[in-house]
Amino acid sequence: MRSSSPLPRMSRRGRVTIAVLVGVFVLFTLLGWGVQAWTDWLWFDEVDYTEVFTGVLVTRLLLFLVVGLAMALVVGGNLWLAHRLRPRLRPHSAEQATLERYRMALSPRLGTWIAVVAGVVGLFAGLSAQSRWNQWLLFRNGGSFGVKDPEFGIDVGFYVFQLPFWRYLLGVGFTAVVLAVVGALAVHYLFGGVRLQGVGDRMTNAARAHLSTLVAVFVGLKAIAYVLDRRAMLLEYNEGAKLFGAGYADVNALLPAKEILAYISIVVAVAILIFSNAWMRNLVWPGISLALLGLSAVAIGGIYPWAVQTFEVKPSAKEKEAPYIQRSIDATRTAFGLADTKTTAYAADNLTPPASLATDTSVVPNVRLLDPQLVSETYTQLQQVRGFYDFGPKLDIDRYGVNGKTSDYVVGVREINYGELTDQQNTWINRHTVYTHGYGLVAAPANQVVCGGQPFFVSGFLGVKTQEACSSQTEQIPATQPRIYYGERMEDGDYAIVGQTDPNKKAEFDRPVGEGGGESYTYTGEGGVSIGSFPRRLLYALKEQESNFLLSGAVNENSKLLYVRNPRDRVEKVAPFLTLDGDPYPAVVGGRVQWIVDGYTTAATYPYAERVNLREETTDELTGRGTFQLARENVNYIRNSVKATVDAYDGTVRLYEFDENDPVLKAWNKAFGGDLVLPKKDIPAELAEHFRYPADLFKVQRNLLIKFHVTNPGDFYSAQDFWQVPNVPDAPDSGQKQPPYYLFTEFPGQDGPRFQLTSAVTPNGRQNLAALISGSYVDGQPKLEVLELPDQTAISGPVQVHQRMTNTNTNIRQQLNLLSSNQAQVQYGNLLSLPFANGMLYVEPVYVKSNQQDAYPLLQKVLMSYGDGGSYVALADNVADGIKQLAEQGKRAGQQPGTTTPPPPTGGNPPPPTTGDDEPPLTGELAAAADRVQAAITEVRAAQASGDFERYGRALKTLDEALTAFQQAQGQATPTSGGSPAPSGSPSPSSTGSPPPGSGG
């Protein structure tokens, strides 16, 4: 008689239904994977980087299979072994009777159940393993750094290339053993090898031998973990020194403790095997051994290091931690490329504008006025021509040699913005076959404005005639192929279908001509994937879920599909091992527009180096406004090892080696065949002229230098000389950091003007200027330089300078108020800090934007100051006039020694009204007003020295009122032949006239 199954059987129809549903799910999943893989292969074949596609794919598949199969065999093998070791006879008990029904259900298909469990475990293990393809490739191809860690003398390459994958494998081993123990224990219990009730032993000899062996393996793995932990300690955070890397307590207490624990673990593993199986054959002594291991871990690995840290290190941490702080300083400066930073002392003790300002030829002529963020709207309005063209929210700074002179230019690419197409234009045909590309790289000198504050455009023209004075009449930066098929405004779904069978049929809109007309064009480049055949059209119809690939007559046998059109996305796809800078920029090289993208190699396991989060360190006012936000990646090693280019016409991607000594790049290049990255010698000279110090790398290095410019461990521990990055000068309460800015200028100690990225920093907790940090290229090599000011400098920082230039001079404040009204708003450009003649020159362009629809910012004035930021200030129509005003103020100050009140030691305020020898003394109300100003300045200094911010604010308000009263008294005074004197540094209103806001010139 056939026994009935304890579980009900499913009907045939139900089984068929489930099978069909599973089959459909698997079919569509595999179809989606297949379509994605096939189209990816075609894309990589187009850009000629198939070795990346196959290399990554094969590596991921191998890791999936090897790790997944290994995990499945370990877990499945132990389940099978547990069943194999089951007792033939089981004592009768209520417990066994309850389990019998489950044994009856599982036994007929036990092999299937074991295979299913092992398969599921192997699947998840394989999926996890395939994501570690980058660790495996570095593990296999990594070499030596040529630098040894300061504790063990092991090459840094072990930590960067080997340690991460060893730790992952150790984690896989722990997971496999734990799952095997749990699974084996469950099978032993189910089949009677382990019992909770009944007479006799609770565990058979076979079950005990099996489980104890697994536990011994686990403890053996723990011994290996202790060995790796000793190496990994050099990567941990040292709370005592507030730095990364093993400190005094770690090296002298925790390090030997882990070595002892490793030996104890080996002894315990052997003891478990012996006591459980060869000697006493019970679990009492193995349990005691495990308990002793746990107590040892707490006592030796926890309590003892804590006691050393608490009672030995903390009372004299500065001395105890000094050698380890030095290790962290040295490692951080090496890992982040700070070791060769050149620091130059800059006295900055000249607070009076020198006469040489008016005759300078190295700094003043190159002062940049155009702010790439503000003038983007101006470019769009003046060079857009059609509503669907766009320059993005931020432009870029580059330099070009025009007419034998090299200077910096604000450049932007006229791209298609598909979001600005009208409803009528935004059909599938128009979006993907008509409006396929932008046109032209538009450039304007960064230090020149015309026609009421507009940029002087010199390139990227569409053939539209402009006023001769408002733009160049010829292309000064000519591009033989100005069309932009690949650009920053392209998103994932913005693909283009190009190519025609009839050479006379041109479907693509090329550029506007005349009133409302336009020329047409047919793409002739090498870029794009051919979709002329029916299988290809079907493939991409499935990929894009768009039937027009099959139905539309716009797709013909010569059609090509251009996709992944954002240059940063293209580089990221062909070089997935690189971290890319958030600000790609265009350049005309060889007559073609090339996008230049800086690529970084990074690591997170450089011993003793500071660990930073890339997103946090690179976020500032411009993040998300034309620059991409970096991922939340923690790194403690970075190199700008690759300069990548993307051709804006055909999408060609090239990777050029820039750092020839980077071991990480060498490992990646080796992993993908050895010729993935072109050698540095192959970089075209014209392209190299447009390389610039990358912004995100500079931000990371600058943010580290504010601490790690201190190289003495005692001073570092005291943290008294740390700096900080100031907030945005015209919006300090926003909490956003001032972005670094590109300048083509010459700093003290340099042999000529350089194109350099610059940032001002202030002392920690104060606002006066501490240093200028700049990054540039010298002979093709990156160079970081620091101009360090004295601790008690009188030079103000960016926030102070902006406030003093715009608030403390009544005459200037009145003029700025006139520019700003209900019909217009004032916008401030980059505040530039320029060291000059042992002093500091500040320049801040002032833009005015009308509130009318489609208005754009126009540069109307230039704020300039010299010295402490408040004593000598000018508001002029242009740089030349501002320099003349400052020079004249300096000349008057030099002719009247002893009459100008010196500025306070940390930034200061306007000096009191003074008179020269040829001017009559102040009398009556004017003298009383001058005395009131003097008293207000004295109170400002006292409040500033006290550190009381409320008192300082009240003092500034009092000073403002006193200055206003002085101006009123000055206007009411009876004029004499010499005229009433004005406060020093106040320019004459007649010299700063400007057109009405929003007038456009």
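Since this is a predicted model, take the numbers as computed values, not measurements. (Residues numbered from 1 in each chain as written. Predicted model: local features only at pLDDT ≥ 70, side-chain atom pairs only at ≥ 80, totals over all residues. Heavy atoms only, no water.)

**Thoughts on the state of the cysteines**
- Counting across every chain of the model gives one disulfide.
- Between the sulfur of Cys 451 and that of Cys 470 lies a disulfide, 1.8 Å long from S to S. Between Cys 451 and Cys 470, the S-S dihedral sits near -105°, and the bridge is therefore left-handed. Taken together, the residues span a long stretch of sequence, with Cys 451 in the loop between strand S10 (449–450) and strand S11 (454–455) and Cys 470 in the loop between S11 and strand S12 (483–484) at a distance of 19 residues.
- Residue class for Cys 451 comes out partly exposed when judged on its relative accessible area of 22%.
- Taking the relative accessible area as the measure of exposure, Cys 470 reaches 8% and is therefore buried. (Disulfide = S-S within 2.5 Å. Helix = DSSP H or I, 4+ residues; strand = E, 2+ residues; numbered from the N terminus. Buried < 20%, exposed > 50% of the residue type's maximum accessible area, 1.4 Å probe, protein only.)

**Concerning the sheet that holds strand S13 (residues 496–498)**
- If you trace the three strands from one edge of the open sheet to the other, you get S13-S17-S16, paired in antiparallel fashion. Two strands lie at the open edges of the sheet, namely S13 and strand S16 (529–530), each paired on one side alone.
- Sheet topology places S13 next to strand S17 (residues 560–562); three bridges connect them, and they run antiparallel. Note on S17: the bridge partner recorded for Ala 496 is Leu 562. (Pairing = 2+ DSSP bridges.)

**Digging into a nonpolar patch on the surface**
- On the surface, Ile 18, Val 22, Phe 25, Val 26, Leu 30 and Trp 33 cluster together into a nonpolar patch covering about 650 Å² of accessible area.
- Its place among the elements puts Val 26 in helix H1 (residues 12–47).
- For Val 26, a relative accessible area of 38% puts it in the partly exposed group. (Patch = residues over 30% accessible without salt bridge, like charges linked within 9 Å, V, L, I, M, F, W, Y side chains within 5 Å. Areas by Shrake-Rupley, 256 points an atom, 1.4 Å probe, with all protein chains shown as cover. Salt bridge = Lys/Arg side-chain N within 4 Å of Asp/Glu carboxyl O.)

**Some points on the environment of Ala 271**
- Note that Ala 271 resides in helix H8 (residues 248–278).
- Since its relative accessible area comes to 12%, Ala 271 is described here as buried.
- Distance in space between the C-alpha atoms of Ala 271 and Ile 288 is 10.0 Å, their sequence separation being 17 residues.
- Not counting the four nearest positions on each side in its chain, Ala 271 is found in contact with Ser 276 and Ser 289. (Contact = heavy atoms within 4.5 Å.)

**Concerning the pattern of salt bridges**
- Summed over all chains, the structure comprises 27 salt bridges.
- Here Lys 320 ties to Glu 312 by a salt bridge, and the two come within 3.6 Å at their closest N and O atoms.
- With its nearest N and O atoms 3.3 Å apart, the salt bridge here joins Glu 519 to Arg 511.
- By relative accessible area, which is 35% here, Glu 519 ends up partly exposed.
- Salt bridges sharing partners connect three or more residues here, namely Lys 394, Asp 396, Asp 583 and Arg 692.

**Things to note about the side chain of Thr 601**
- Relative to the assigned elements, Thr 601 resides in strand S20 (residues 592–603).
- Relative accessible area serves as the criterion here: at 0%, Thr 601 is assigned to the buried category.
- Here Ser 641 takes part through its side chain, which lies 3.2 Å from a polar atom of the side chain of Thr 601.
- Only 2.5 Å separates the side chain of Thr 601 from the side chain of Asp 662, close enough to count as a polar contact.
- For Thr 601, the contacting residues outside a window of four places in its chain are Leu 578, Tyr 637, Ile 638, Arg 639, Ser 641, Asp 662, Val 664 and Leu 665. (Polar contact = N/O pair within 3.5 Å; in protein donor to acceptor, adjacent residues only side chain to side chain.)

**Some points on unusual backbone geometry**
- Located in the positive-phi region is Tyr 608, a residue other than glycine, with phi close to 70°.
- Looking at where Tyr 608 falls in the secondary structure, it is placed in the loop between S20 and strand S21 (612–613).
- On the accessibility criterion, Tyr 608 (1% relative accessible area) is buried.
- The phi angle at Asn 838 is positive, at roughly 60°, despite the residue not being glycine.
- On the secondary structure map, Asn 838 appears in the loop between strand S31 (832–836) and strand S32 (839–850).

**Regarding helix H23 (residues 810–819)**
- Burial of H23 is extensive: seven of the ten residues sit out of reach of the surface.
- Taken residue by residue, H23 has Thr 810, Asn 811, Ile 812, Arg 813, Gln 815, Leu 816 and Leu 819 as its buried positions.

**Considering the packing of aromatic side chains**
- One pass over the full model with this rule turns up 41 aromatic pairs.
- A centroid spacing of 5.0 Å and a plane angle of 65° characterise the contact between Phe 174 and Phe 218, whose relative ring orientation is edge-to-face. Taken together, the residues span a long stretch of sequence, with Phe 174 in helix H6 (residues 156–190) and Phe 218 in helix H7 (residues 205–232) at a distance of 44 residues.
- Its relative accessible area of 17% is what places Phe 174 among the buried residues.
- What makes Phe 218 partly exposed here is its relative accessible area of 33%.
- Centroid distance Phe 388 to Tyr 435: 4.8 Å. Interplanar angle 50°. Geometry classified as tilted. With Phe 388 in the loop between helix H12 (375–383) and strand S4 (389–390) and Tyr 435 in the loop between helix H13 (428–434) and strand S8 (438–439), this residue pair connects regions lying 47 residues apart in the sequence.
- Here a set of aromatic residues connected by ring pairs shows up, and it is made of Trp 136, Phe 139, Phe 165, Trp 166 and Tyr 168.
- Cation over ring: Lys 643 sits above Phe 658, and NZ or CZ is 4.9 Å from the ring centre. (Phe/Tyr/Trp six-rings, centres within 6.5 Å; stacked < 30°, edge-to-face > 60°. Lys NZ or Arg CZ within 6 Å of the ring centre and 35° of its normal.)

**Section: the sheet that holds strand S5 (residues 396–402)**
- Strand order in this open sheet of three strands is S5-S6-S9, and the pairing throughout is antiparallel. Both edges of this open sheet fall to S5 and strand S9 (441–445), since each of them pairs with a single strand only. With direction set aside, neighbouring strand axes in the sheet form an average angle of 45°.
- With five bridges connecting them, strand S6 (residues 405–413) and S9 associate as antiparallel partners. Each bridged residue has a counterpart across the sheet, and for Tyr 409 the counterpart in S9 is Pro 445. (Axes fitted to C-alpha atoms, helices over the stretch in contact; angles between N-to-C directions.)

**Looking at the pairing of strand S26 (residues 741–745)**
- In terms of burial, S26 is a largely internal element, five of the five residues being buried.
- Neither face of S26 is open: one carries Tyr 741, Leu 743 and Thr 745, the other Tyr 742 and Phe 744, and all of them are buried.
- Across five bridges, the pairing between S26 and strand S27 (residues 754–763) is antiparallel. Bridge pairing in S27 places Tyr 742 opposite Leu 757.

**Some words on the environment of Met 203**
- Take Met 203: it is sitting in the loop between H6 and H7.
- Spatially, the C-alpha atom of Met 203 lies 5.7 Å from that of Gly 193, the residues being ten residues apart in sequence.

**Regarding the packing of helix H5 (residues 133–141) against H6**
- For the pair H5 and H6, the least separation of the axes is 8 Å and the interaxial angle reads 130°. With respect to H6, the element H5 is oriented oblique. As H5 runs across H6, the sense of the crossing is left-handed. Where H5 abuts H6, its residues Gln 135, Trp 136, Leu 138 and Phe 139 lie against Phe 161, Gln 162, Pro 164, Phe 165, Trp 166 and Tyr 168.
- Partitioning the contact of H5 with H6 into residue classes produces eight nonpolar, two polar and no charged. (Parallel < 35°, antiparallel > 145°, perpendicular 65-115°, else oblique. Left-handed = near helix turned anticlockwise from the far one by under 90°. Nonpolar A, V, L, I, M, F, W, Y, C, P; charged D, E, K, R; others polar.)

**Some thoughts on the confidence of the model for the chain**
- Chain-level pLDDT for the chain is 85 on average; 87% of the residues reach the 70-or-more range.
- Counted against residues more than four places away or in other chains, residues 898–920, with its pLDDT under 50, gives 66 contacts.
- The low-confidence segment residues 974–1001 (pLDDT under 50) makes 63 contacts with residues lying over four places distant or belonging to another chain. (pLDDT = per-residue confidence, 0-100.)

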